[in-house]
Amino acid sequence: MSNIQNAEQIIQVAMDFDHALTSMDIDEILPFFSEECEIEILGVTLRGLDGAKQWLEWLFTHLIAIQFEPVIIMVEGNVFFEEFVVVGTLSDGRVVRSKQAEVLVYDDYKIKTLRLYFDRLDFVDSIANGFLEKRVVGMLIKRSLEGLGEPSI
């Protein structure tokens, strides 16, 4: 396995990975991962290609379409960092936008580690249905921001 990887090649592979994700074809996406990969999301660690498949099935259960809008991309060594906006379409047609960040560690241009970070409340606010759900989420968001001032959106 190679430890020296070209930054431009890592960026290209990461962009190809994003493109594959928009296809929502698990068989097209899985080859981007190493067999010993780890995915960390929402405090859960999934391991191996079975874990990657589990993450993709979970993601595609909630969304019927997905797009990415890059904000910042950085590469250092074999580590790719990206801040981005996910634009997802739910099965009921609603569109959600979620600002997220990911750290991808590559080994031979395959994803060895994927760590995905996003604000659960931001995401839950986007998918909340009905008056009661919206009210509870709104109160939690307001309470979590007490003392910081108004959020800029």
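Residues numbered from 1 in each chain as written. Predicted model: local features only at pLDDT ≥ 70, side-chain atom pairs only at ≥ 80, totals over all residues. Heavy atoms only, no water.

Enquirer: What should I look at first to understand empty space enclosed by the protein in this one?
Expert: Left-over empty space is what a probe sized like a water molecule reveals as it rolls over the atoms. Per the counting criterion, the structure on display carries one cavity of 30 Å³ or more. Computed from the structure, the largest cavity encloses a volume of approximately 230 Å³. Along the walls of the largest cavity sit 21 residues, with Leu 59, Ile 66, Val 86, Gln 100 and Leu 116 positioned nearest its centre. Within the residue set of the lining of the largest cavity, elements represented by two or more residues are helix 1 (7–23), helix 3 (48–62), strand 3 (65–76), strand 4 (79–89), strand 5 (95–107) and strand 6 (110–118). (1 Å grid on protein atoms, 1.4 Å probe; cavity = no way out; pocket = protein on both sides within 12 Å on 5 of 7 lines; lining within 4 Å. Points joined across faces, edges and corners; volume = space filled by probe spheres on them. Helix = DSSP H or I, 4+ residues; strand = E, 2+ residues; numbered from the N terminus.)

Enquirer: I keep staring at the nonpolar core and nothing clicks. Help me out?
Expert: Counting residues in hydrophobic clusters, the biggest one holds 34 residues, and the most contacted among them are Phe 17, Phe 33, Trp 55 and Leu 114. Those elements that provide at least two residues to this core are helix 1, helix 2 (26–29), strand 1 (33–41), helix 3, strand 3, strand 4, strand 5 and strand 6. Not counting residues up to four positions away in its chain, the partners in contact with Leu 114 are Phe 17, Phe 33, Glu 38, Ile 39, Glu 40, Trp 55, Val 103 and Leu 104. (Core = buried A, V, L, I, M, F, W, Y, C linked by side-chain atoms within 4.5 Å. Buried < 20%, exposed > 50% of the residue type's maximum accessible area, 1.4 Å probe, protein only. Contact = heavy atoms within 4.5 Å.)

Enquirer: Help me understand helix 1, please; the structure alone is not making it clear to me.
Expert: Quick reminder: α-helices carry 3.6 residues per turn. Residues three or four places apart thus point the same way. Compared with the 24 Å implied by 1.5 Å per residue over 17 residues, the 25 Å span of helix 1 between its first and last C-alpha is a close match. Of all the positions in helix 1, only Ile 10, Val 13, Ala 14, Phe 17, Asp 18, Ala 20 and Leu 21 are classed as buried. Looking straight down helix 1, one finds its buried side chains confined to an arc of 160 degrees; they lie on one side. Seen from the buried face of helix 1, the exposed residues on the opposite side, beyond 90 degrees, are Glu 8 and His 19. Sitting at the amino-terminal end of helix 1 is Asn 6, which places a side-chain oxygen 2.8 Å from the backbone nitrogen of Glu 8. Phi turns positive one or two residues past the end of helix 1, at Met 24, with a value near 60 degrees. (Expected span 1.5 Å × (residues − 1). Arc of directions from axis to C-beta. Polar contact = N/O pair within 3.5 Å; in protein donor to acceptor, adjacent residues only side chain to side chain.)

Enquirer: Whenever I open this one, the packing of aromatic side chains confuses me. Can you help?
Expert: Each aromatic ring pair is characterised by the separation of its centres together with the angle its planes make. Summed over the entire model, instances satisfying the criterion amount to four aromatic pairs. Note on Phe 17 and Phe 33: the rings are 5.6 Å apart at their centroids and 85 degrees apart in plane angle, and the pair reads as edge-to-face. Here the residue Phe 17 occupies a position in helix 1, and Phe 33 occupies one in strand 1, the gap between them amounting to 16 residues. Through successive ring pairs, a cluster of aromatic residues spans Phe 17, Phe 32, Phe 33 and Trp 55. (Phe/Tyr/Trp six-rings, centres within 6.5 Å; stacked < 30°, edge-to-face > 60°.)

Enquirer: Where do I start with the pairing of strand 2 (residues 44–47) in this structure?
Expert: If a strand is regular, its side chains alternate between the two faces of the sheet. As defined by bridge partners, strand 1 adjoins strand 2 across four bridges and the pair is classed as antiparallel. Following the sheet pairing, Glu 40 is matched in strand 2 by Thr 45. Hairpin connection between strand 1 and strand 2: a loop of two residues separates the two successive antiparallel strands, and Leu 42 in this loop has a positive phi of roughly 55 degrees. (Pairing = 2+ DSSP bridges.)

Enquirer: What is the right way to read the pattern of salt bridges from this model?
Expert: Pairing is possible between side chains of opposite charge, provided their charged atoms come close. Evaluated as defined, the whole model comprises four salt bridges. In this structure, Glu 83 engages Lys 99 in a salt bridge whose closest nitrogen and oxygen atoms are separated by 3.1 Å. Separated by 16 residues along the polypeptide, Glu 83 in strand 4 and Lys 99 in strand 5 bring together distant segments of the chain. For Asp 92, the salt bridge is made with Arg 94, and the minimal N-O distance between the two is 2.8 Å. (Salt bridge = Lys/Arg side-chain N within 4 Å of Asp/Glu carboxyl O.)

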